[in-house]
Amino acid sequence: MNPFAYERVMDDKAAVHAIAANKDAKFLGGGTNLIDLMKDNVEHPSTLIDITRVQGLAEVSNGGAMIGALVRNSDLANHADVRKNYPLLSMALLSGASPQLRNLATTGGNLMQRTRCYYFMDTAFPACNKRKPGSGCAALTGFNRIHAILGQSEECIATNPSDMNVALAALQAEVHVEGPKGKRTIPIAEFHRLPGKTPQIDTTLKHEELITHVALPSSASEFATHSYYLKVRDRQSYAFALVSVAAGLMMEGDTIKRAALAMGGVAHKPWRKKEAEDAMVGKQANAQTFSAAAEILLHGAKGYEHNSFKIEMAKNSVVRAFSLALVGRTA
Amino acid sequence: MMQDASTPTQHPQSLPTRYDARQKVMGKATYAAEFNPPETLYAWMIQSTIPKGTILSVDTSAAEHASGVVKVLTCFNAPKLPKPKIQPPATRFVSLLQTPEVHYNGEPIGLVIAKTLAEAQYASSLVTFKYQAEKPQLDFEHHLAEARMPKRANTPPKEDHGEKEEAWKRAVTVFEQTYSTPFQTHNPLEPHATVAFWVGEKLTVYNSTQYVSGDKQTLAKTFALPLENVHVICPYVGGGFGCKGSSWSHVPLAAMAAKVVGKPVKLVLDRQQMFGPVGYRPRTVQKIKLGVDGDGKFVAIKHDVIMSTARVEDFVEPSAKQTDMLYACKNISTSHKMVDMDIGVGTFQRAPGEASGTPALESALDELAYKLKMDPLELRLRNYAEIDPGKQKRFTAKHLREAYQQAAERFGWSKLNPEPGSMRDGNKLIGWGMATATYPANRSAAGAVLRLMPDGKIMVGSGTQDIGTGTYTVMAQTVVEELGVDVSRVDAKLGDTDLPKAPVSGGSQSTASVGPAVKAACAQLKLKLATLVVDDAASPHHGAQTGDLEIKDGFLVSTKSSAHEPIAEIAKRHGEIEVKGEAEPNEDVKKGMSAHSWGAVFAEVEVDESSGMVKVRRVVATYDIGRLINKTTGTNQLQGGIVWGIGFALHEESALDKVYGRISNENLAEYHVPVNRDVPEIDVTVLDIPDTKFTPQGGRGIGEIGITGVAGAIANAVFHATGKRIRHFPITPDKVLMTPKESAEA
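What counts and how
- Residues numbered from 1 in each chain as written.
- Chains lettered and ligands numbered in written order.
- Predicted model: local features only at pLDDT ≥ 70, side-chain atom pairs only at ≥ 80, totals over all residues.
- Heavy atoms only, no water.
- Contact = heavy atoms within 4.5 Å.
- Buried area = accessible area lost by both parts, 1.4 Å probe.
- Salt bridge = Lys/Arg side-chain N within 4 Å of Asp/Glu carboxyl O.
- Polar contact = N/O pair within 3.5 Å; in protein donor to acceptor, adjacent residues only side chain to side chain.
- Helix = DSSP H or I, 4+ residues; strand = E, 2+ residues; numbered from the N terminus.
- Expected span 1.5 Å × (residues − 1).
- Buried < 20%, exposed > 50% of the residue type's maximum accessible area, 1.4 Å probe, protein only.
- Phe/Tyr/Trp six-rings, centres within 6.5 Å; stacked < 30°, edge-to-face > 60°.
- Core = buried A, V, L, I, M, F, W, Y, C linked by side-chain atoms within 4.5 Å.
- Pairing = 2+ DSSP bridges.
- Axes fitted to C-alpha atoms, helices over the stretch in contact; angles between N-to-C directions.
- Parallel < 35°, antiparallel > 145°, perpendicular 65-115°, else oblique.
- Left-handed = near helix turned anticlockwise from the far one by under 90°.
- Nonpolar A, V, L, I, M, F, W, Y, C, P; charged D, E, K, R; others polar.
- Right-handed = clockwise from strand over helix to strand, strands pointing away.
- Domains from an automatic or database assignment.

Another aspect to go through is the interface of chain A and chain B. A common measure of how large an interface is: the accessible area buried when the components associate. Facing the 36 residues of chain A at the interface are 36 residues of chain B. Carbon and sulfur atoms supply 58% of the area buried between chain A and chain B, which totals about 3,200 Å² over both sides. Across the chain A-chain B interface, the total number found is four salt bridges. Taken together, chain A and chain B are joined by eight residue pairs in polar contact (both at pLDDT 80 or more).

Printed below as a string of structure tokens:
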């Protein structure tokens, strides 16, 4: 870990002012990812700007639709309105990490979570375009079992490790940010990037911007009755997803009125295709419909030496997640 | 509470709580890294980032000017040492900054010593090495054809019994299959840690170790010191599992750093550093061939193992070892070969050999049983070995048949429908499987000291270790049993080379080695006390025959009269009384009698049909481990071993990068071991039949048998659930999903 300065800000304006003044500074939220990466010498900010005491960003309001960036993952997952209106988000959060980590991790921090690619996380590997632009991608020839099958580039095959982000993508959340020039809103689909030629850039958030809220469309609460977050992993808890599926259905009798579908563990961002969701509309909610949506979502998937299994696992998981979503909430 | 000396206590069979439990839960147990001699400095190990080559130059200038840095050591400025000889198990190939050669990625190549840990770590990131890299060999699978015999012959021996090839002609059914097991890393919760300081030419080291005497020898040899100049102390160990049975590079490096800076130096490894420079379990590919006659009895067995090895030093994972003795057969052939790789040196990992060998052998037996349409348990009973078929010697004791029976009953095995895929619970396929567990019973010479104090306290000491397994408890309990005193009067000491020598805490031998030594010391105490009192006018035993006196319930009593005297009273009059005891393996065992422990493991799994995720629902196991010396620590050991077995079956794998030679998943988020949700109800029972041919106390070691058999039982249950044979451990969801079902006639 490099020596660094620490400062604490108490409001959003001060936070934006502080980060805009220092291009090597980073915001400190729960620190569950950033501090680890600093210890491993992957991240080396010159200054940590502690935003955990910034006023007004730690509340959930508007029936669970407006979420402050500093709301802890545990609090968000267990919030009564979120459980009632957006159970998919609650399920996704509770499938991630461990209780100790969820108690610290924040909503904004989870959005900014970096990849678990081994070659990114260990600086002794010389080739990682995400960590050291232009150095190459060791994962291409390495142990790429946890890597991407969709949307990847020759420069980077890392995945986004978050569960929360997958649910937010399915529910079509918006990220509210504040910068020196004012506030703006970024649709979740545009928040995380594909790697392309610049895998070092994870998101479209600018350095001088602060995430203040995550907003969910109120119509997304109509998925509450039929939603499921399915996470396939190497052990029953405390493991990142090999493949995960956020699935939601709005039903009219036996017919699908609207579908929500996003996948985790397969790409550099939560993987969602509007065509896959649209293809389900007006169809009977059955394995055939779910399977057809999976084919559209997985179209163009490409595996590597160790991760080709993800393609079949992903298709199976889409079908299974929708089957469980259809059964609906038991309580 | 102090025992009231006038009221004899009941004779307890087994201490109900761990002797060291209170210290541990109160945070008062001091582990190696927690010792802080005045003015301690912190060292951080710099490791190579290439697998093979030579260091051409190093730039330490930035590091030397960084805050808090006292010294940077590399091969260019480290003190030259007399060349140490490799002496397993005390020493493995170590890297002590004596040469610019790089033998594996992650090899220690430098040391930064600073005032704080943070400063040492940061400064180490400023040191830059220039290498001349060479092409490494990092691919195991594609070099199996180049496998060679181990360099040291007969380690373990290539076994060949009977008429070899001729026997196969008599086989009615022959089954042959190949299995593989991955690299695994020990990952004790407490990482390696060493604190070293010198006073003149005397070296003191606090070290997290399974073998204080081994460290002492290594350090004396490395620094050319008389043995008595080295003092190694290790009161507590937060898990070892074999990786702390050897002195790795960091131990002498800490001592070297302390010598150079003239102050105490603390060197603690972080989690990432636990992967590579401090041992691991080698990869194996195991080919098994089984031949049976018309009755399902073995006529020939062949088990050939190829494993990975470091180019610089062989470590043999003897995966075929159990095959030489587990089932009755006149023609057994086993072999171990190795593929050279440019990686760190492997080492013992909990149940070395049996842990990786039983999953293969027990899977093969299950496959054969299906081929023969025979109950897998019946196949094992039909081939029950009444004597050790390899050595052709009798066993000290064997009650495996009873263990099979008891575990099968508790599990409900008789209700088995052998048809794969015949049980289902919604989306989950349910399967049952079983396997045999086994591990050798080991025992070495050990010593113990006993001091009866005038205040009635009894110090019992041995230069052994408690690696979380219960050695403190067993030592204290033996004194309680032998002398009949309350445990509150017993002060157990271990983990110190000033105490009588004891063996490495490995091979499941500590209880069987140290327990008898403590028992012998107790016998010596009786003799000593008797000798003192018969000439002591103040004693009620004055004038008695020493042979008529014995210790009972804390009293020296006469077998001829009602005369009795609290032993504490004798120490009050005569001052502190010290005796020593030593114990060696029994004559029967020395003469080659075969000593092993046994067990039967049954498992139920559920397999998610769409994802391939496997969850173990229950494990039922019954063991024949001789006398269960202590129920609390013993049952805990067996359960912990079963949890390891679950990890072996489903989770653990150190994934070696084939280009760079580093373990890619080198942290506990990505190196998976079972978490609470992976661990089901575990039903452990022991037969508790003393094996007094093995030790006077009748107990055999139990540290390792728990892991054996479990992975086989789980793999067999996965087959029963799905009809899929996963022969490459661990059984991860991808393998379950992508493996085709076995065809019906196979």
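Note: α-helices contain 3.6 residues per turn, so residues at a spacing of three or four share the same orientation. All names here are of chain B. With 12 residues, helix α6 (residues 250-261) ought to run about 16 Å at 1.5 Å a step, and its terminal C-alpha atoms sit 16 Å apart, in line with that. When you tally the buried positions in α6, you get 10 out of 12 residues, the bulk of the element. Looking at α6, one finds that the buried residues are His250, Val251, Pro252, Leu253, Ala254, Ala255, Met256, Ala257, Ala258 and Val261. Just beyond α6, the residue with positive phi is Gly262, at close to 70°.

Moving on, we come to the packing of aromatic side chains. Going through the model one piece at a time under the given rule, you end up with 25 aromatic pairs over all chains. A centroid spacing of 5.6 Å and a plane angle of 40° characterise the contact between Tyr236 of chain B and Tyr472 of chain B, whose relative ring orientation is tilted. Placement of the pair is Tyr236 of chain B in the loop between β11 (230-233) and α6 and Tyr472 of chain B in helix α10 (residues 471-483), with a sequence separation of 236 residues. By relative accessible area, which is 10% here, Tyr236 of chain B ends up buried. What links up through ring pairs into an aromatic cluster is the set Tyr118, Tyr119, Phe125 and Phe143 of chain A together with Tyr660 of chain B.

Under the definition given, this model contains 59 salt bridges over all chains. With its nearest N and O atoms 2.8 Å apart, the salt bridge here joins Glu670 of chain B to Arg116 of chain A. Remark: Arg116 of chain A occurs in the loop between α7 (107-111) and α8 (118-121) and Glu670 of chain B occurs in the loop between α14 (631-650) and β27 (681-686); the pair is interchain, linking two chains. The burial state of Glu670 of chain B is the same as that of Arg116 of chain A; both residues are buried. Three or more residues are tied together by salt bridges with common partners; here these are Lys26, Glu43, Arg114, Lys130 and Asp202 of chain A.

All names here are of chain B. Counting residues in hydrophobic clusters, the biggest one holds 43 residues, and the most contacted among them are Leu111, Leu219 and Met256. Beyond its immediate stretch of four places on either side in the chain, Leu111 contacts Ala43, Trp44, Met45, Ile46, Lys71, Val72, Leu73, Leu97, Leu253, Ala257 and Leu267. One finds Ala435, Val616, Ile642 and Ile714 within the second-largest nonpolar core, a separate group that totals 41 residues.

Residue and element names in this part refer to chain B. Here we have three strands laid out as an open sheet, ordered β4-β2-β6, and antiparallel in their pairing. Unpaired on one side and paired on the other, β4 (101-102) and β6 (128-133) mark the two borders of the sheet. Note that strand β2 (residues 53-59) and β4 share two bridges and pair antiparallel. Each residue of the ladder has a partner; that of Thr54, found in β4, is Glu101.

A separate point is the packing of α14 of chain B against helix α15 (residues 710-722) of chain B. Residue and element names in this part refer to chain B. Two numbers describe how α14 lies on α15: the axes approach to 8 Å, and their chain directions differ by 50°. By the angle class used here, α14 and α15 are oblique. Viewed along their axes, α14 and α15 form a crossing whose handedness is right-handed. Residue-level inspection shows Ile642, Gly645, Ile646, Phe648, Ala649 and Leu650 of α14 in contact with α15, the latter providing Val710, Ala711 and Ile714. Broken down by class, the residue content of the contact of α14 with α15 amounts to eight nonpolar, one polar and no charged.

Residue and element names in this part refer to chain A. Here we have three strands laid out as an open sheet, ordered β1-β3-β2, and parallel in their pairing. The sheet is open, and its two edges are formed by β1 (5-8) and β2 (25-28), each paired on a single side. Across the sheet, the axes of successive neighbouring strands diverge by a mean angle of 25°, strand direction being ignored. Relative to strand β3 (residues 47-50), β1 runs parallel, the two being bridged by four bridges. Considered in β3, the bridge of Ala5 is made with Thr47. In this fold helix α1 (residues 12-20) packs onto β1, β2 and β3, with an angle of close to 150° to the strand it touches most, β2.

With that out of the way, let us pick up the side chain of His336 of chain B. All names here are of chain B. Relative to the elements of secondary structure, His336 occurs in strand β15 (residues 332-341). Taking relative accessible area as the criterion, His336 reaches 5% and is therefore assigned buried. In terms of polar contacts, His336 uses its side chain to reach the backbone amide nitrogen of Ser319, at 3.2 Å. Engagement of the side chain of His336 in a polar contact is seen with the backbone nitrogen of Ala320, the distance being 3.0 Å.

A separate point is the pairing of strand β10 (residues 202-207) of chain B. Regular strands place their side chains on alternate faces of the sheet. Residue and element names in this part refer to chain B. With five of its six residues buried, β10 lies for the most part within the structure. Bridge count for strand β9 (residues 193-199) against β10 is six bridges, and the pairing is antiparallel. Paired with Val199 across the strands is Lys202, a residue of β10. What sits between β9 and β10 in their antiparallel hairpin is a turn of two residues, with Gly200 showing a positive phi close to 60°. Across four bridges, the pairing between β10 and β11 is parallel. Within the sheet, the bridge partner assigned to Tyr206 lies in β11 and is Ile233.

All names here are of chain B. Among the five residues of strand β19 (residues 458-462), five are classified as buried, and the element is accordingly described as predominantly covered. Judged by which residues are buried, β19 turns out to be covered on both faces: Ile458, Val460 and Ser462 on one side and Met459 and Gly461 on the other are all buried. Examined bridge by bridge, strand β18 (residues 446-452) and β19 share four bridges and lie antiparallel to one another. Residue pairing for β19: Leu450 is matched across the bridge by Val460. In sequence, β18 turns back onto β19 through a hairpin of five residues, with Gly456 there showing a positive phi of about 90°. As paired strands, β19 and strand β20 (residues 490-494) are joined by five bridges and run parallel to one another. Paired with Ser462 across the bridge in β20 is Leu494. Between the parallel elements β19 and β20, the chain passes through α10 in a crossover that is right-handed.

In this section: the domain arrangement of chain B. Residues and elements named next belong to chain B. Taken as a whole, chain B is organised into domain 1 (21-29 + 444-584), domain 2 (32-135 + 189-274) and domain 3 (356-442 + 593-738). Taking only C-alpha atoms into account, the centre of domain 2 sits 38 Å from that of domain 3. Taken together, the seven residues of domain 2 in the interface contact eight residues of domain 3. Buried surface at the junction of domain 2 and domain 3, summed over both partners, amounts to about 630 Å²; 55% is from carbon and sulfur atoms. Considering only the side of domain 2, the residues that lose the most area to domain 3 are Asn105, Arg271 and Gln272, jointly responsible for 65% of the buried surface there. Counting every contact that joins domain 2 to domain 3 gives zero salt bridges.

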